[in-house]
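Summary of structural features
Residues per chain, in single letters:
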Amino acid sequence: MAVYTQVSAEALGAFLERYDRGELLSAKGIAEGVQNSNYLVETTADRFILTLYEERTSTDDLPFFLDMLDHLAADGNPVPRALPDRDGAAIQQLAGRSACLIEFLTGVSVSHPTAGQAFAAGAAMGQMHTSLAGFDQVRANPLGADTWRPFLERCGRDIDTIEPGLFDRTEAALTAVLAEWPRDLPMAAIHSDLFPDNVLMLGDRVTGVIDFYFACTDIRAYDLAVMHTSWAFDGNGENYDPAIGKALIDGYASRFPLSDAERAALPILARGACLRFLLTRAWDWLNTPADALVTRKDPLAYWRRLETYLKDDLFA
């Protein structure tokens, strides 16, 4: 989450008049994340999340995201639904952006997960994949493997301002990963961004899975690989915790068994995930507006993860 678009109290108050959700008491911008503008909104009735969809999120994709959330919620998954106004419309316009008022879920995201929390989070993903087996809508992954080389070319040699030689090293790693990238594993609707800050917890219990705006159709096991890269390392990407890595896989498999082919592919899928987040973080690092209320994330943290996956089979 982040804030790129500012919303006045007057505009937000008028927006809330479309709903039967109380009157505005306060609104606070949320700085974490990079995708859309988000506010924590408190009214006389409840708390909500207000999301304004920025350029990276196409309005045409919103029905896919919202239908996916409704499908998951109907099957008992702890996900936040977009709330309809009194006329039944969930997608609105505010401050020149498409916008939704979204359910607020209790819980906190953990920065240093325990093995028990990692198991629960992995199980939550496995349960979502079980539910999504019955979801037949399709959205191509706009940040899938076929986009990574063009993304590197868009960053160009400017990426070397992050660290000298980064372009050439990334290009070599990308060539190696794409040569091995699996093309015959099961595809499904996936979250594709299930970092710790997108999972809300109370103790060892998952109370919410949020931020589905990278959701798409891709290799199902890639979703687990993305999760492994983000949960099993410290924030700098320097230290791998094998207990967390094992707990994630075990938790997932407790709800959605992995095939032998999927398990064998996890190392290459994780290396690909590292490149995906290295490249998008590098682009954001180079192009985030100076006045945006957003926390830029270190691209090199994913280069360090990639080096670890290249050196060791962390799934053995």
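Computed from a prediction, not measured in an experiment: that's the story for all the values here.

A short note on the pairing of strand β5 (residues 97-103)
- The element β5 is largely enclosed, with a buried count of 6 among its 7 residues.
- The sheet contact formed by strand β3 (residues 47-53) and β5 spans 6 bridges and is antiparallel. Counterpart to Y53 in the pairing with β5 is S98.
- Of the strand pairs in this sheet, strand β4 (residues 92-94) and β5 are connected by 3 bridges, and their pairing is antiparallel. Bridging across to β5, L94 finds its partner in R97.
- Linking β4 to β5, which pair antiparallel, is a turn of 2 residues; within it A95 sits at a positive phi near 55°.

Some words on the pattern of salt bridges
- Following the criterion strictly, the structure yields 13 salt bridges and no others.
- R97 serves as the salt-bridge partner of E54, at 2.7 Å between the closest nitrogen and oxygen. Taken together, the positions of E54 in the loop between β3 and α2 (62-74) and R97 in strand β5 put the pair 43 residues apart, joining distant regions of the chain.
- With a closest N to O distance of 2.8 Å, R81 and E103 form a salt bridge. Linking R81 in the loop between α2 and β4 with E103 in strand β5, this pair joins segments that are 22 residues apart in sequence.
- Within this structure, R157, D160 and D168 form a network of salt bridges that share partners.

Description of unusual backbone geometry
- The phi dihedral of A95 is positive, around 55°, even though this residue is not glycine.
- Residue position: A95 is located in the loop between β4 and β5.
- Taking relative accessible area as the criterion, A95 reaches 43% and is therefore assigned partly exposed.

Describing the packing of aromatic side chains
- As enumerated under the stated definition, the model contains 15 aromatic pairs in all.
- Here the aromatic rings of F233 and Y240 are separated by 5.2 Å at their centres, their planes lie at 50°, and the arrangement is tilted.
- Taking relative accessible area as the criterion, F233 reaches 8% and is therefore assigned buried.
- A residue is classified by how much of its surface remains accessible, and Y240, at 22% relative accessible area, is partly exposed.

Details of the state of the cysteines
- One pass over the full model with this rule turns up 0 disulfides.
- C155 takes part in no disulfide bond, and the closest cysteine sulfur to it belongs to C274, at a distance of 16 Å.
- Given the relative accessible area of 4%, C155 is considered buried.
- Looking at the unpaired C216, the closest cysteine sulfur is the one in C274, lying at 17 Å.

About the criteria used
- Residues numbered from 1 in each chain as written.
- Predicted model: local features only at pLDDT ≥ 70, side-chain atom pairs only at ≥ 80, totals over all residues.
- Heavy atoms only, no water.
- Buried < 20%, exposed > 50% of the residue type's maximum accessible area, 1.4 Å probe, protein only.
- Helix = DSSP H or I, 4+ residues; strand = E, 2+ residues; numbered from the N terminus.
- Pairing = 2+ DSSP bridges.
- Salt bridge = Lys/Arg side-chain N within 4 Å of Asp/Glu carboxyl O.
- Phe/Tyr/Trp six-rings, centres within 6.5 Å; stacked < 30°, edge-to-face > 60°.
- Disulfide = S-S within 2.5 Å.

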